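Geometric and topological summary
Listed here are the chains, written in short residue letters.
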Amino acid sequence: MAHRGRLDRRDGRRPRGRVRLRRRPAERLRRRRLRVGQGPGAPGRPLPRGQRRQHHPRDPRGRRRPRAAGAGPRARGDRADAPDAARDVGDLPYTTPGQISADGRVAFATANLDVASGDMPKGEVTKLIDDVRTASGPVRLELGGAVVDTAETPGGGGSEGVGLLAAIVILLVAFGSVLAMGLPIVTALFGIGTGLALISLLGHLLPAPSFSPIVAALIGLGVGIDYALFIVTRYREALASGEDPEDATVTAAATAGRAVLFAGTTVVIALMGLFVMQQRLLNGVAVAAGATVLMTMLAAVTLLPALLGFTGRAIDRFKVPGLGRTGRPMAERWARGVQRHPVAAGLAAAALLLVLAVPALSMRLSLPDSSTQPHDTTGYAASRILADGFGPGTAAPLVLVAELPGGGPPRAAGPGAPSPLGPLERAVRGTPGVAGVQPPMTSRDGRAALFIAYPKSGAQDEATPRLVHEIRDEVVPRATAGTGLRVHVGGPNAGSIDFADDVAERLPWLIAVVVGLSLLLLVALVRSLTVALQAAVMNLLSIAAAYGVLTAVVQWGWAGRVLGFPVEMPVTTWVPLMMFPILFGLSMDYEVFLVSRIREFYEDGVATREAVARGLTRTARVITAAAAIMVMVFLSVLLGADVQVKQIGLGLGVAILIDATVVRLVLVPALMELFGDANWWLPLPRSLRARGSRRAAARPARAKGD
């Protein structure tokens, strides 16, 4: 089948070809010119002018028998009856040799859009879906392609509402007050709204994939509520300690607000690290998510203090009986227990993270296609029919294109003409794993030639990337040695493999940039190189564990059906890339809120051991609530339909759960207990250290004096 397409940067899906259809009602599709796809062993030819789709009558009882769905680059017919029904499609493009299966039960054809698949109006695709589903005749029709998958995948909306409802419940439990619960929600919604508006403006300069607003709203809702939660919690603590509302607002802004600025800046910088990958798809998503995080952070440090000024001491009004209790005995007992056995606790936590990370060693990357869609969609049905009739490799063609040396006299363009690619074609045909090869075709000017090879394995199979690399690295160089031919192996499947290879090559640079910049920010905040290095190592461990869980669910199929993944599939190529900077930034958030509080106690003259216990006791409740909100928001996307968004939601939710429990409540206090006063080591000149010590000593006095 001829695939005329490229990697669709608008929706992140595997390209499925380009289709030529005018923007007219779907019922006039039969009047359009169709370009027939090229099946194994035969080239395509244009449909004769004036040819119309043949009408298929009803069955003898007058019932509508066929099932059809979707619209897109390829239409596949699954013969429902015996070979006698084959004559019903005698004048259709399905009659092209090579486009009817050997048993005469399956046929396919390719149509071309006059716009890119990302620009195809969804309404017209829906009309085509409805039109085909109501078609009559003894032949079952299914339509597939990128536009079909996009049309059958609803956008976000309902799942985000579930996440917001879960956040409201958690805040009510944490605060016990309707008014205190409402402040973080209102602040986060304002931040998300302004962030999405900014995304729309930036979209004119840097286009982003269609799922970018969903991902941005997902992250913005989580961080926006969390940032406001930390500030409101600190404000209530200041009121409880006897400060008036104005001083409590200043205290909250100077402490929790400062930590929010550092945490939000870390997330934005981590997301901007995706520009190292030099992928337009990732750049658009990074800018969208970064803009939303930036606006939620600004709302937390500007709008929220103003709202606190209006509420004053009434912040605990409309209390819910039985909720919002502030006792801390459990958190304190936990902290003391970890400090009594730091080695055992640290080793157990590290071992758990390493075990969870093991599946990540077998992670495979690919882009989703029709075969990974839910089984009740027409895209999946079309993919299944095509694989059953022609083999799974029919949807994963490899296009071998050669630039002929020096051009040459014009040649007849067609499979019957002699081609300089004959030896290469025979070599590729004899390569293990290749199901079939089309005869080579030479351009009319004699400057280029091509042929298409079909693998035996599908686009999502592990054997297909190995076959592509074998053809590129071994078969092509050996067959073209001394001929002067420059041969390239392309096509949508090869493009997806190249994308995954490029990701693997540039990922170390992304890790280095994100970790390095985050370390600098954390050192500036807590003034300790030891704590910053501990945070970097622990964050890397928690991210690796999240990668492992994601691989086990999506690729290995562990509880995949329960969580909404219809089939076992490779991890979407861009998902691990997006997860790393987001998770590293969010993990730094919790590190900042915990360690900054420990540092405050330490600078007040409290010993390191006691400062760690008090800091963990004071922040355990709020960090747990914040993490619970993020986990529920991220996991709520599992209720949606887009497998790409569901993968990143699952990965982020699992990572936050691991980070807020295993890392922050076990590893951090265990390591800080083991390092003791070395936690605050910073290699600075003695004069700068003395200046910092004097400033730290003066801070409590200023706070008391104010």
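Residues numbered from 1 in each chain as written. Predicted model: local features only at pLDDT ≥ 70, side-chain atom pairs only at ≥ 80, totals over all residues. Heavy atoms only, no water.

**What to know about the overall build of the protein chain**
Quick reminder of the rule: Numbering of helices and strands runs from the N terminus; a helix is a DSSP stretch of H or I covering at least four residues, while a strand is a stretch of E covering at least two. Partly exposed describes any residue whose relative accessible area lies between the buried limit of under 20% and the exposed limit of over 50%, with all areas from a 1.4 Å probe on protein chains only and scaled to the type maximum. Here a residue-residue contact requires only that any non-hydrogen atoms of the pair lie within 4.5 Å. Per-residue and other accessible areas were derived by the Shrake-Rupley procedure at a 1.4 Å probe size, with only the shown protein chains allowed to occlude residues.
Counting its secondary structure elements, the protein chain contains 19 helices and 10 strands. Burial statistics for the protein chain: of 706 residues in total, 54% are counted as buried. A separation of at least 24 residues holds for 81% of the contacts in the protein chain among residues at least 6 apart in sequence. Summing over all exposed atoms, the protein chain offers an accessible surface of approximately 29600 Å²; the carbon and sulfur share of this is 60%.

**Side note on the packing of helix H4 (residues 178-202) against helix H8 (residues 280-311)**
Note the following rule: Convention adopted: a line fitted to C-alpha atoms gives each axis, helices being fitted over their contacting stretch, and angles between N-to-C directions are expressed from 0 to 180 degrees. Working rule for handedness: look at the near helix, and if it is turned counterclockwise from the far one by less than a right angle, call the crossing left-handed; if clockwise, right-handed. For this classification, Asp, Glu, Lys and Arg are treated as charged, while Ala, Val, Leu, Ile, Met, Phe, Trp, Tyr, Cys and Pro are nonpolar and the rest, including Gly, are polar.
Relative orientation of the contacting elements H4 and H8 amounts to 145 degrees, with a least axis distance of 7 Å. The handedness of the crossing between H4 and H8 is right-handed. Looking at the contact of H4 with H8, its residues break down into 19 nonpolar, seven polar and no charged.

**A short note on the pattern of salt bridges**
Applied cut-off: Salt bridge, as used here, is a side-chain nitrogen of Lys or Arg placed within 4 Å of a carboxyl oxygen of Asp or Glu.
Counted under the stated rule, the structure contains 20 salt bridges. For the salt bridge of Arg429 with Glu425, the shortest nitrogen-to-oxygen distance reads 2.2 Å. Note that Arg429 and Glu425 are positioned in helix H12 (residues 422-429) at a spacing of four residues, about one turn of the helix. When its relative accessible area of 40% is taken as the criterion, Arg429 is described as partly exposed. Classification of Glu425 by relative accessible area gives buried; the value is 9%. Glu673 is paired through a salt bridge with Arg609; the nearest N and O atoms lie 2.2 Å apart. Here Arg609 lies in helix H17 (residues 608-635) and Glu673 lies in helix H18 (residues 643-675), a separation of 64 residues in the sequence.

**Focus on the pairing of strand S5 (residues 398-403)**
This is how it is decided: A strand pair is defined by DSSP finding two or more bridges across the two strands.
Sheet topology places S5 next to strand S8 (residues 448-455); six bridges connect them, and they run antiparallel. Opposite Glu403, over in S8, you have Ala448 as the bridge partner. Of the pairings in the sheet, the one linking S5 to strand S9 (residues 486-490) comprises five bridges and is antiparallel in character. Bridged to Leu400 within S9 is Val489.

**What about the side chain of Asp659?**
Threshold: Two N or O atoms count as a polar contact when they lie within 3.5 Å, although within protein this holds only if one can serve as hydrogen donor and the other as acceptor, and sequence-adjacent residues are included solely when both atoms are side-chain atoms.
Here Asp659 lies in helix H18. At 3.2 Å, the side chain of Asp659 and the side chain of Ser587 are in polar contact. Aside from chain neighbours lying at most four places away, what touches Asp659 is Asn539, Ser542, Ser587, Tyr590 and Arg664.

**Re the environment of Ala678**
Tracing the backbone through its elements, the reader meets Ala678 in the loop between H18 and helix H19 (686-705). Residue Ala678 is classed as partly exposed on the basis of its relative accessible area, which comes to 37%. It is 9.1 Å that separates the C-alpha atoms of Ala678 and Val531, two residues lying 147 residues apart in sequence.

**Side note on the packing of aromatic side chains**
Selection criterion: Stacked, tilted and edge-to-face pairs are distinguished by plane angle, under 30 degrees for stacked and over 60 for edge-to-face with tilted covering the rest, among Phe, Tyr and Trp rings (Trp via its six-membered ring) whose centres lie within 6.5 Å.
Summed over all chains, the structure comprises five aromatic pairs. For the ring pair Trp556 and Trp558, a centre distance of 5.2 Å and an interplane angle of 65 degrees mean the geometry is edge-to-face. Among the residues examined, Trp556 registers a relative accessible area of 33% and is labelled partly exposed. On the accessibility criterion, Trp558 (54% relative accessible area) is exposed. Taking 4.8 Å as the distance between ring centres and 25 degrees as the angle between the ring planes, the aromatic pair formed by Tyr602 and Trp680 counts as stacked. Residue Tyr602 is located in helix H16 (residues 574-603), and its partner Trp680 is located in the loop between H18 and H19; the two are separated by 78 residues in the primary sequence. Classification of Trp680 by relative accessible area gives buried; the value is 9%.

**A few points about the environment of Thr296**
Within the secondary structure layout, Thr296 lies in helix H8. Sequence-wise, Thr296 and Gly195 are 101 residues apart; in three dimensions their C-alpha atoms are separated by 7.4 Å. Those residues in contact with Thr296, other than ones at most four positions away along the chain, are Ala188, Gly191, Ile192, Gly220, Val223 and Gly224. Here Val293 takes part through its backbone oxygen, which lies 2.8 Å from a polar atom of the side chain of Thr296.

**Things to note about the nonpolar core**
Let me state the cut-off plainly: Nonpolar cores are built from buried Ala, Val, Leu, Ile, Met, Phe, Trp, Tyr and Cys residues. Side-chain atoms within 4.5 Å join them into one set.
Grouped together as the largest cluster of nonpolar side chains are 140 residues, with contacts concentrated most on Tyr227, Met579 and Ile656. Ignoring anything within four residues of it in the chain, the contact list for Tyr227 reads Val260, Ala263, Gly264, Val267, Met297, Ala300, Asp589 and Phe593. Counting residues in hydrophobic clusters, the runner-up holds 22 residues, among them Leu398, Ile471, Val489 and Ile497.

**A short note on the packing of helix H13 (residues 463-480) against helix H14 (residues 492-526)**
When two helices pack together, you describe them by how their axes are tilted relative to each other and by the distance separating the axes. Stated formally: Comment on the angle field: the value is read as roughly parallel under 35 degrees, roughly antiparallel over 145, roughly perpendicular from 65 to 115, and oblique elsewhere.
Put simply, H13 and H14 touch, their axes get as near as 10 Å, and they point 95 degrees apart. Our classification of the angle between H13 and H14 gives roughly perpendicular. Every residue of H14 that contacts H13 at Thr464, Pro465, Val468, His469 and Arg472 is listed here: Asn493, Ala494, Ile497, Asp498 and Asp501. Residue classes in the contact of H13 with H14 are distributed as four nonpolar, three polar and three charged.

**With respect to the confidence of the model for the protein chain**
Threshold: Confidence scores per residue from the predictor, reported as pLDDT, run from 0 to 100.
Per-residue confidence for the protein chain gives a mean pLDDT of 78; residues scoring 70 or more make up 78%. Across the protein chain, element-level confidence peaks in helix H10 (residues 342-357) with a mean pLDDT of 95 and bottoms out in strand S1 (residues 74-79) with 45. Below a pLDDT of 50 lies the segment residues 699-706, which in the model reaches five contacts outside its immediate sequence neighbourhood of four places, other chains included.

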